[in-house]
Amino acid sequence: MSQPPLAHRLNSLITSDQAVSDLRCYFGTGLFDEAVPFTGSRFEHLAGGGDCQAVANVVTADDLIAVQTLSVRIPGQVAVELLEGALGVRLSELLSSVRFDIDMVEAEAADLAEGSPAHTAWRVLCDQPGIGWVTAGKLLARKRPRLLPVYDQVVRCVLGRPKSFWLDLHGALRADNHALHRELMALRQSADLPATVSALRVCDVVLWMHHRTDHQQRGCIGT
């Protein structure tokens, strides 16, 4: 059986010679003392992570700081609503129906499809002033790093702007008896990354590092 197009594209990038060195550079593993890792290397680790059981269903101030390490910012009024208002209550209700203890590859398509609690949470965030699809996705990835991916204009561009990224990525990860997921786990080990870095995050960083410079210099359509 042939691989889905997205699986083929992803596999060609994560098995490239550059993938391990890009991960090491981003997360700061094996760098010389004067080298500085990317601030995004703290995204999933800051304050113990957004998916710690004690805070998995609540947006905290730590989560709002964590998304800033990925170069986005939650507007002040929305931040207050998430921390103290009805928006935070609504998001907590939705997150309580989204598992934090499984990888995307283990989930069912229905867990990610339109109308699911995860997708509804994304829509609720996108409806807030100053919150676009990138910021909404990054906040949810902080709360569910194993299940929901970081996704921005650079990654969308390098992958050819897939129509439904969550579902397309889910299908790619599950194809060929989860071959792509296993490749990502092997890549994480080769780059000496901790287990707290999810397969989705490994994938995101490899793609982003691969295309970020070209994306900026060329003014890609995904900008």
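Heads up: these notes are all about the structure in this document.

Rules used throughout
Residues take numbers from 1 onward in each chain, read along the sequence in its written order. The predicted origin of the model limits local features to residues at a pLDDT of at least 70 and limits the giving and counting of side-chain atom pairs to 80 or more, whereas totals for whole chains, interfaces and linings rest on all residues. Working from all heavy atoms in the structure, the side-chain values ignore hydrogens and water. Helix numbers and strand numbers start at the N terminus; a helix is a DSSP run of H or I with at least 4 residues, a strand a run of E with at least 2. As defined in this context, the radius of gyration uses C-alpha atoms, and a globule is described by 2.2 Å times the residue total to the power 0.38. Only protein chains enter the calculation, and the probe is 1.4 Å; a residue is then buried if its accessible area is under 20% of its type maximum, exposed if over 50%, and partly exposed in between. It only takes one pair of heavy atoms within 4.5 Å for two residues to be counted as in contact. The protein chains shown are the only cover counted for residues, whose accessible areas, like all others here, come from Shrake-Rupley with a 1.4 Å probe. Here the term cavity refers to a set of points on a 1 Å grid, laid over the protein atoms alone, in which a 1.4 Å probe fits but cannot get out; the term pocket refers to an open set having protein on both sides within 12 Å along at least five of seven lines, with lining residues being those that place an atom within 4 Å of a point. Grid points are joined across faces, edges and corners, and a volume is the space filled by probe spheres set on the points. Only Asp, Glu, Lys and Arg are considered charged in this grouping, and only Ala, Val, Leu, Ile, Met, Phe, Trp, Tyr, Cys and Pro are considered nonpolar; every other residue, Gly among them, is considered polar. A side-chain nitrogen of Lys or Arg and a carboxyl oxygen of Asp or Glu constitute a salt bridge if their distance falls within 4 Å. Among buried residues, the Ala, Val, Leu, Ile, Met, Phe, Trp, Tyr and Cys ones that are joined through side-chain atoms within 4.5 Å form a nonpolar core. Stacked, tilted and edge-to-face are the three classes assigned to paired rings of Phe, Tyr and Trp, where Trp is represented by its six-membered ring and a pair needs centres within 6.5 Å; plane angles under 30 degrees give stacked, over 60 edge-to-face, the rest tilted. When we speak of the arc, we mean the arc of directions from the helix axis to the C-beta atoms. Each axis is a line fitted through C-alpha atoms, and for a helix only the stretch in contact is used; angles between axes span 0 to 180 degrees, taken between their N-to-C directions. With respect to orientation, any angle under 35 degrees is reported as roughly parallel, any angle over 145 as roughly antiparallel, any angle of 65 to 115 as roughly perpendicular, and every other angle as oblique. Put simply, a crossing is left-handed when the front helix is turned counterclockwise from the back one by less than a right angle, and right-handed when it is turned clockwise.

### Side note on the overall build of the protein
Consideration 1: For the protein, the count of helices and strands is 10 helices and 0 strands.
Consideration 2: Along the protein, helices (α) and strands (β) appear in the sequence α-α-α-α-α-α-α-α-α-α when read from the amino end.
Consideration 3: Since a compact globule built from 223 residues should have a radius of gyration of about 17 Å, the 17 Å found for the protein is in line with a globular shape.
Consideration 4: Each principal axis of the C-alpha atoms in the protein carries an extent, and together these give about 50 × 45 × 35 Å.
Consideration 5: In the protein, which comprises 223 residues, the proportion classed as buried is 49%.
Consideration 6: Sequence-distant contacts, at least 24 apart, represent 68% of the contacts inside the protein between residues at least 6 apart.
Consideration 7: Carbon and sulfur atoms provide 51% of the accessible area of the protein, an area that totals close to 10800 Å².

### What about the layout of surface pockets?
Consideration 1: Space inside the largest pocket adds up to approximately 430 Å³.
Consideration 2: Along the walls of the largest pocket sit 16 residues, with His119, Trp122, Lys163, Ser164 and Phe165 positioned nearest its centre.
Consideration 3: Put simply, the parts of the chain that give the lining of the largest pocket at least two residues each are helix 6 (117-126), helix 7 (133-143) and helix 9 (165-190).
Consideration 4: Among the residues making up the lining of the largest pocket, the classes are represented as 9 nonpolar, 3 polar and 4 charged.

### A word on the pattern of salt bridges
Consideration 1: Taken as a whole and judged by the stated rule, the model has 9 salt bridges.
Consideration 2: Arg201 is the partner of Glu44 in a salt bridge, and the nearest nitrogen-oxygen pair spans 2.9 Å. Highlighted residues: Glu44 in the loop between helix 2 (18-27) and helix 3 (61-68) and Arg201 in helix 10 (residues 199-218), separated in sequence by 157 residues. Note on accessibility: Glu44 and Arg201 belong to one class, buried.
Consideration 3: Within the structure, one salt-bridge network assembled from shared partners comprises Glu44, Arg201 and Asp204.

### Let's talk about the nonpolar core
Consideration 1: The biggest cluster of nonpolar side chains holds 68 residues, and the ones touching the most others in it are Leu10, Leu23, Ile74 and Leu82.
Consideration 2: With sequence-adjacent residues up to four places away left out, Leu82 is seen in contact with Val59, Leu64, Ile74, Leu87, Gly88, Leu91, Leu125 and Leu139.

### Topic: the packing of aromatic side chains
Within a pair of aromatic rings, the relevant descriptors are the distance that separates the centres and the angle that separates the planes.
Consideration 1: Under the defined criterion, the tally for this structure stands at 6 aromatic pairs.
Consideration 2: When the centroid spacing of 5.1 Å and the interplanar angle of 65 degrees are considered together, the rings of Tyr26 and Phe27 count as edge-to-face. Accessibility classification places Tyr26 together with Phe27 in one group, the buried group.
Consideration 3: A ring pair is formed by Trp133 and Tyr151, whose centres lie 5.5 Å apart and whose planes are at 55 degrees; its orientation type is tilted. Taken as a pair, Trp133 in helix 7 and Tyr151 in the loop between helix 7 and helix 8 (153-158) lie far apart in primary sequence, 18 residues in all.
Consideration 4: By relative accessible area, which is 26% here, Trp133 ends up partly exposed.
Consideration 5: Look at Tyr151 and you get buried, because its relative accessible area is 10%.
Consideration 6: Connected via pairs of aromatic rings, a cluster forms that spans Tyr26, Phe27, Phe38 and Trp208.

### Overview of helix 4 (residues 76-84)
Consideration 1: Here helix 4 has its buried residues at Val78, Ala79 and Leu82. Down the axis of helix 4, the smallest arc covering the buried residues is 105 degrees, so these residues share one side. More than 90 degrees from the buried face of helix 4, the exposed residues found are Gln77 and Glu84.
Consideration 2: Lining the buried residues of helix 4 we find helix 3, helix 5 (86-95), helix 6 and helix 7.

### Observations concerning the side chain of His119
Consideration 1: Structurally, His119 is set in helix 6.
Consideration 2: With a relative accessible area of 14%, His119 lands in the buried category.
Consideration 3: What His119 contacts, discounting residues up to four positions off in sequence, is Leu112, Ala113, Glu114 and Trp166.

### Brief notes about the packing of helix 6 against helix 7
Consideration 1: Between helix 6 and helix 7, the shortest axis-to-axis distance is 9 Å and the interhelical angle comes to 135 degrees. Between helix 6 and helix 7, the crossing angle belongs to the class labelled oblique. The hand of the helix 6/helix 7 crossing is right-handed. For the pair formed by helix 6 and helix 7, the contact residues are Ala118, Ala121, Trp122, Leu125 and Cys126 on the first element and Trp133, Ala136, Gly137, Leu139 and Leu140 on the second.
Consideration 2: Looking at side-chain class alone, the contact of helix 6 with helix 7 contains 9 nonpolar, 1 polar and no charged residues.

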